[in-house]
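The residues making up each chain are set out below.
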Amino acid sequence: MLDKLKLVEEKYLELEARAAQPDFYADPQAAARLLKEQKELEPVVTAYRRYRKAEREGADLREMLDGPLEPDLRALCQEEFTQNKKDLELLEQELKLLLLPRDPNDEKSVIMELRGGVGGEESALFAHSLFRMYSMYAAAKGWKLELLNYSETELGGVKEADFILNGCGAWSRLKFESGVHRVQRVPETESGGRVHTSTATVAVLPEMEEVEVDIRPEDIEMQVYRSSGAGGQHINKTSSAVRLIHKPTGIVVACQEERSQVQNREKCMHMLASKLYEMEQTRLEAAQSGLRRSQVGAGMRNERIRTYNFPQGRVTDHRIGLTLYKIDAVMDGGLDELIDALVTADQAEKLRSSEGGGV
């Protein structure tokens, strides 16, 4: 590992030297790429330098302990040496995590799809609760929400909602949300006060540009229709809504939230590119390893991943066995504790895999 870290530092110093050249900004695009690469390497180099500093301090303390010392000074040195060993272990773990292969999509925005599942009207109301939860989480992060497709029930539930959360790092935080979300609560439609169980499905995709995915124009069938919904101001009477059908795969995407057909088609193309990318990634990963994308269940839309139990005030993530008794805070967008635990579990699994493979 230390040899690899030395090479990373050398690369960082090389980039630093190039950035100091007078003509560095002559090619703005190349300069931006190099600065981005340097920024990505910086946390690794900083941690590596802290590790080497701690190693030197440990060696000095060891040398002092091997020589003649007054009892009080020896006790102090021994205490510092013990702390130094702990610091080195923590830094080594941090470096191992920093050296794990990065998800190239981590900085991307995301496309999210919510659908009511089992439970009729209550499932649609729960899907609305999830839409509100993710909206509040996005607002707290400073991300912008753009609706693509939104279909309501008469009671205000969500049949389906497709939307983009625009924000740097959205994928890194939300990629583990794909799957079946289950709710246990007394529905608004229940007069007898009985607890019902319903579900809603969530799909999360990294937002891809058309240029990142090969989409042939002849493979796309475009249909236009009038926007429809609960009567929001974005709805109009012209045929501005767009539905795209990717003929080779059968993937269908639709957008009706923009006023113009051109804008709706553009957003449909983003959705289609993201879906095709996900399909290809799933195929490649299955072929290479026979394993699903992540041990914590990312991308498994048909897997129950989390239960929201309102009578007991708890939220349980079944993939990592974490239960939080703060359902109100979670439903108001307080997802960070859950997401942090999922990220940590994913990193731990990757570490086990890399160590098991002798990396």
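Details of the structure are given in the entry above.
On a predicted model such as this, the values are computed, not experimentally measured, just so you know.

Here is what the cut-offs are and how they apply
- Residues numbered from 1 in each chain as written.
- Predicted model: local features only at pLDDT ≥ 70, side-chain atom pairs only at ≥ 80, totals over all residues.
- Heavy atoms only, no water.
- Helix = DSSP H or I, 4+ residues; strand = E, 2+ residues; numbered from the N terminus.
- Contact = heavy atoms within 4.5 Å.
- Phe/Tyr/Trp six-rings, centres within 6.5 Å; stacked < 30°, edge-to-face > 60°.
- Buried < 20%, exposed > 50% of the residue type's maximum accessible area, 1.4 Å probe, protein only.
- Lys NZ or Arg CZ within 6 Å of the ring centre and 35° of its normal.
- Pairing = 2+ DSSP bridges.
- Axes fitted to C-alpha atoms, helices over the stretch in contact; angles between N-to-C directions.
- Parallel < 35°, antiparallel > 145°, perpendicular 65-115°, else oblique.
- Left-handed = near helix turned anticlockwise from the far one by under 90°.
- Nonpolar A, V, L, I, M, F, W, Y, C, P; charged D, E, K, R; others polar.
- Patch = residues over 30% accessible without salt bridge, like charges linked within 9 Å, V, L, I, M, F, W, Y side chains within 5 Å.
- Areas by Shrake-Rupley, 256 points an atom, 1.4 Å probe, with all protein chains shown as cover.
- Salt bridge = Lys/Arg side-chain N within 4 Å of Asp/Glu carboxyl O.

A. Layout of the environment of L65. Examined against the element boundaries, L65 turns out to sit in helix α2 (residues 28-66). With 12 residues separating them in the primary sequence, L65 and C77 have C-alpha atoms 6.9 Å apart. Residues in contact with L65, not counting those within four places in the same chain, are R74, C77, Q78 and F81.

B. Seen up close, the packing of aromatic side chains. Summed over the entire model, instances satisfying the criterion amount to 5 aromatic pairs. The interplanar angle of 80° and the centroid separation of 5.8 Å between the aromatic rings of Y137 and W143 together place this pair among those described as edge-to-face. For W143, a relative accessible area of 11% corresponds to the buried category. Positioned above the aromatic ring of F310, the side-chain terminus of R185 is 5.3 Å from the ring centre. Directly above the ring of Y225 sits R243, whose terminal nitrogen or CZ lies 4.4 Å from the centroid.

C. Region of interest: the sheet that holds strand β8 (residues 251-255). Spatial strand order, β6-β7-β8: 3 strands in an open sheet with antiparallel pairing. If you trace the sheet from one side to the other, it starts and ends with β6 (220-225) and β8, each paired once. Each strand axis lies, on average, 20° off the axis of its neighbour in the sheet, ignoring direction. As paired elements, β6 and strand β7 (residues 241-246) share 6 bridges and run antiparallel to each other.

D. Quick look at the sheet that holds strand β10 (residues 314-317). Spatially, β2-β3-β1-β5-β4-β9-β10-β11 is the arrangement adopted by the 8 strands of the open sheet, whose pairing is mixed. Of all the strands in the sheet, just β2 (144-152) and β11 (322-324) have a single pairing partner and so form its edges. On average, adjacent strands in this sheet sit at an angle of 15° to one another, irrespective of strand direction. As judged from the 8 bridges shared by β2 and strand β3 (residues 158-166), these two strands associate in the antiparallel manner.

E. Highlighting the pairing of strand β5 (residues 196-206). Counting buried residues along β5, 8 of its 11 residues qualify, which places the element largely inside the surrounding structure. In this sheet, β5 lies alongside strand β4 (residues 179-185) in antiparallel orientation, the contact comprising 7 bridges. Paired with R185 across the two strands is H196, which belongs to β5.

F. How the structure looks around the packing of helix α1 (residues 2-19) against α2. Here α1 crosses α2 at 130°, and the two axes come no closer than 8 Å. Viewed along their axes, α1 and α2 adopt a mutual orientation that is oblique. Handedness of the crossing formed by α1 with α2: left-handed. A class-by-class count of the residues in the contact of α1 with α2 yields 14 nonpolar, 1 polar and 10 charged.

G. Broad picture of a nonpolar patch on the surface. The grouping of M64, L73 and L76 at the surface amounts to a nonpolar patch, some 250 Å² of accessible area in total. Exposure remark for L73: the relative accessible area of 38% places this residue in the partly exposed category.

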